[in-house]
Amino acid sequence: MDIVQRQTAKIFPIKGGNVRMSCAEWVAAASIAAGAAALGYLAYKAILCKDKASKAMVNPNIQKDNPKVVHAFDMEDLGDKAVYCRCWRSKQFPLCDGSHTKHNEETGDNVGPLIIKRKEA
């Protein structure tokens, strides 16, 4: 018996020192391996990817019960100038309250408001 067979016999005490598994044993081993891989993947997604997803989300808390946040205004109602939030942190959303300044300092982002104003004649 060579060295590999002796070591295998110590690890897997199977008749003759060879690793021989029946079809049912292979199916059981593959099921266990697949289950362990699935659990590992789910743990990875839950622990490591959660932070990335929350940082990538633009809208932290505005109208989260709606599938899409949409605001429409008539141009006549805007007056001479309107300043709209694009960082999604404004307490007066959709109007800008300057929250983007704090957001930019915390994240290193450079977002600013959307400013709409009438052309001077």
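Residues numbered from 1 in each chain as written. Predicted model: local features only at pLDDT ≥ 70, side-chain atom pairs only at ≥ 80, totals over all residues. Heavy atoms only, no water.

### Looking at the overall build of the protein
If you tally the helices and strands in the protein, you get four helices and two strands. Each helix and strand of the protein, ordered N terminal to C terminal, gives the series α-α-α-β-α-β. Buried residues in the protein amount to 17% of all 121 residues. By sequence separation, contacts in the protein at least 24 residues apart represent 43% of the contacts at least 6 residues apart. (Helix = DSSP H or I, 4+ residues; strand = E, 2+ residues; numbered from the N terminus. Buried < 20%, exposed > 50% of the residue type's maximum accessible area, 1.4 Å probe, protein only. Contact = heavy atoms within 4.5 Å.)

### Details of the pattern of salt bridges
In this structure the tally under the stated criterion is one salt bridge. Linking K102 and E106 is a salt bridge whose minimum nitrogen-to-oxygen distance equals 3.9 Å. With K102 and E106 both in helix α4 (residues 99–107) and four residues apart, the pair spans about one turn of that helix. Neither residue differs from the other here; K102 and E106 are each classed as exposed. (Salt bridge = Lys/Arg side-chain N within 4 Å of Asp/Glu carboxyl O.)

### Here we look at the confidence of the model for the protein
A low pLDDT score tells you not to read the predicted coordinates there in detail. With 79% of its residues at a pLDDT of 70 or more, the protein has an overall mean of 81. Helix α3 (residues 49–56) is the least confidently modelled element of the protein, averaging 55 in pLDDT, while strand β1 (residues 81–84) averages 92, the highest of any element. (pLDDT = per-residue confidence, 0-100.)

### What to know about the side chain of S90
Examined against the element boundaries, S90 turns out to sit in the loop between β1 and α4. Taking the relative accessible area as the measure of exposure, S90 reaches 6% and is therefore buried. Side-chain polar atoms of S90 contact the backbone oxygen of L95, separated by 2.6 Å. Apart from the residues lying within four places of it in its own chain, the contact partners of S90 are I62, C85, L95, C96, D97 and S99. (Polar contact = N/O pair within 3.5 Å; in protein donor to acceptor, adjacent residues only side chain to side chain.)

### Considering α4
An α-helical segment advances 3.6 residues per turn. Residues three or four places apart therefore align on the same side. If you check which residues of α4 are buried, you get H100, H103 and N104. Along α4, the residues classed as buried sweep out an arc of 100° about the axis, all on the same side. Within α4, the exposed residues directed more than 90 degrees away from the buried face are K102, E105 and E106. Positive backbone phi, at 80°, marks G108, one or two positions downstream of α4. (Arc of directions from axis to C-beta.)

### Some remarks on the environment of K91
Tracing the backbone through its elements, the reader meets K91 in the loop between β1 and α4. You can call K91 exposed: its relative accessible area is 74%. Considering only alpha carbons, one finds K91 and I62, 29 residues apart in sequence, at a separation of 9.2 Å.

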